Amino acid sequence: MRGDEDKTKEQLIEELDALRSGGRPAPTDLVASDLSRTDSRFQLLLERLPAGVVYCQTDGAIAVCNPEACRVLGLSLDEVSSRYVSDWESEMLREDGSVCPVEEFAVSRCLATGKPQPGKLYGVRGPDGGVSWANYMATPVFEGEALAGALVVFADVSARQRAEQEREGALALGDTLFRVLTDHSSDGVYRADQDGRCLYANPRWHEMTGLSIEETSGYGWTEGIVAEDRELVLSTWNECVQAERDWNLEYRLVDRTGKVTWVAGTARPFRNVSGRIIGYIGINRDITTLKEARKRESLLVQELNHRVKNVLATVVGLTRESARSSESVAVFVETITARIAAMARIHEALSLRSWGALDVEEIIRLAVNVDPAADASPFTLRGPACTLSSNVAMALGQALYELNANAVRHGALRVESGRVDIVWKRHDNGQTCMSWTESGGPELERMPQPGVGLSLIQGLIGHEIGGTVTLGFPRAGARHHIVVPRSSSREGEP
Amino acid sequence: MKVLVVEDNYIAAMAIVHDLRALNCEVTGPIATVARALEVIQNTPVAGALLDYQLRDGTSVDVARELYEASCPFYFMTGYSELAGLPELLKDVPRLNKPVDARRLRDAVEQFRLLASSVG
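Residues numbered from 1 in each chain as written. Chains lettered and ligands numbered in written order. Predicted model: local features only at pLDDT ≥ 70, side-chain atom pairs only at ≥ 80, totals over all residues. Heavy atoms only, no water.

Q: Explain the interface of chain A and chain B residue by residue, including any values.
A: If you look at the interface, chain A gives 27 residues, while chain B gives 24 residues. Buried area between chain A and chain B, summed over both chains or domains, comes out near 2300 Å², and the portion from carbon and sulfur atoms is 54%. Counting across the chain A and chain B interface gives one salt bridge. Residues aspartate 19 of chain B and arginine 320 of chain A are paired through a salt bridge, measuring 2.7 Å at the closest nitrogen-oxygen approach. Summed over the shared surface of chain A and chain B, the result is eleven residue pairs in polar contact (both at pLDDT 80 or more). (Contact = heavy atoms within 4.5 Å. Buried area = accessible area lost by both parts, 1.4 Å probe. Salt bridge = Lys/Arg side-chain N within 4 Å of Asp/Glu carboxyl O. Polar contact = N/O pair within 3.5 Å; in protein donor to acceptor, adjacent residues only side chain to side chain.)

Q: Kindly report on the sheet that holds strand 8 (residues 198–201) of chain A, identifying the contributing residues and their values.
A: Residues and elements named next belong to chain A. With respect to topology, five strands assemble into an open sheet ordered 8-7-11-10-9, the strand pairing being antiparallel. The open sheet is flanked by strand 8 and strand 9 (247–254), the only strands paired with a single partner. For this sheet, the mean inter-axis angle between neighbouring strands, taken without regard to orientation, is 25°. In this sheet, strand 11 (residues 277–286) lies alongside strand 7 (residues 188–193) in antiparallel orientation, the contact comprising six bridges. The residue of strand 11 that forms the bridge with arginine 191 is isoleucine 281. Here helix 10 (residues 227–243) sits on the sheet and contacts strand 7, strand 9, strand 10 (260–271) and strand 11; the angle it forms with strand 9, its principal contact strand, is near 155°. Sheet strands touched by helix 11 (residues 288–325): strand 9, strand 10 and strand 11. Its angle to strand 10, the strand with the most contacts, is close to 130°. (Pairing = 2+ DSSP bridges. Helix = DSSP H or I, 4+ residues; strand = E, 2+ residues; numbered from the N terminus. Axes fitted to C-alpha atoms, helices over the stretch in contact; angles between N-to-C directions.)

Q: Run through the sheet that holds strand 16 (residues 432–439) of chain A, naming residues and quoting values.
A: All names here are of chain A. The strand order across the open sheet built from five strands is 13-15-16-18-17, with neighbouring strands paired in mixed fashion. Two strands bound the open sheet, and with one partner strand each, they are strand 13 (379–382) and strand 17 (468–472). Shown here is a sheet whose adjacent strand axes are inclined to one another by a mean of 10°, direction ignored. Relative to strand 18 (residues 479–484), strand 17 runs antiparallel, the two being bridged by five bridges. Bridge assignment links leucine 471 to a residue of strand 18, and that residue is histidine 480.

Bear in mind that shape data such as this cannot, by itself, settle questions of function.
Here's what the structure looks like:
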């Protein structure tokens, strides 16, 4: 190796002499002719070398320039051979893109200082405006003690440089897209390293946990989990990391005010080019409303079940009561059917109002099953708009149904001309007082025997809702008074 | 033999009252409220009781506790499969599902009678 280097120096000196002797032969010819005399293999090497090689004399004249150097510098061999470094016309760029003056070139520094110049990245702007990047390294060449020139060697890194820029651009774009997406996400999104340390969490995560960016980083994120759920989260997470699996778990997050957010958490590993897991992207979807809806649904189903069983118990009771008062199966069927139908009408109206409250006038209409607005209606209804809770409404409705059935069978409604006036009032203490006055019917000859219907009325108003009933049978027509106490606050009970 | 019936649904209560009478029981009630039931059990000793769980002035838990302490046998009558707010002490109280089945009611009365005779 040593010998080769010495030879090279000698050859270069010869070249120098040739140049000085006037006339500037084309470098290739010059190099070729000179080198062929000493080492044709060296010439071949220089021609084929995938690196640029330039030799400059101390005056800056370019003495040697191989084909690769010409390609990188964007010059023909003719152009190079007729040039001094000081006459350099093409724009040279520093790594940061700024223009580099001739004095700063590796070759200029080397010639000026006589010292080797370590590799440094420069770009040459070609005629088409494109920049070709190369790593330039200059070595001083001495002849004895005197500096004879500088050898510049450079490798084209344009392709690598471009690929890197593109990769950086893609990464920057990817990062921007990730941030835009996660900033606007209604899900809590985070990035963790392969050990589960949090590297990033989006604004929604910070909102759900009340933790700052600093508090979340590392393993701080576990502070955002409801204490009872923490162990489950960590153990399932670790299992999935061991098995290199996706992670899925429903758990609770909590902020400083104690506000709990139910989340459906998922995390998926992401891998580097060689397939090794280098981290996780996780998403926490807020499922609080879903959880609440599921709970409500289950309560609703339970409540419905309770109502159905109560209705069935009532139907069983009505069947017994109807059987006791019916002299024939035909009468029994008619009686029980009408009683159940009245219950069903009130039930339907209540269910339409989600078992809230029912207006008194509507209760009456449903109980007596007559449209009071119709011309032929024997009923007159008068009273303020006021409501009764579902259980009171059902009991009052059943009682009014019994009063009506009684009037049809034994009272004023036995005849076409019979009328019933129903008047009610709501008192300040919450009581609702109602009067039922029959008129226009045949005169009552005697007090009716206390039957099943009348005892039902007493039981429904007195026992079931804690009100009072006064049944009166003057000769002109029945006159009843009902007092319904203030609705109890217990809603949702039939 | 006296049996207490606490049930605010009058019509359902009457069916049970009639059934109990048919089984030669003397019915105390039906009673519709917790307040009234507590009053009654203070003054009237009964051989057994049937308690609706949800009454208009609350659950019958307080009544049940009194009966439990007096070692008086009783059943919960309920439409709920799970009773909200039932204390641990009363978790094992037997239940009669609504509507109450005649045969199960007969078994309950039989048990009241057995216990009443063994106590003396």
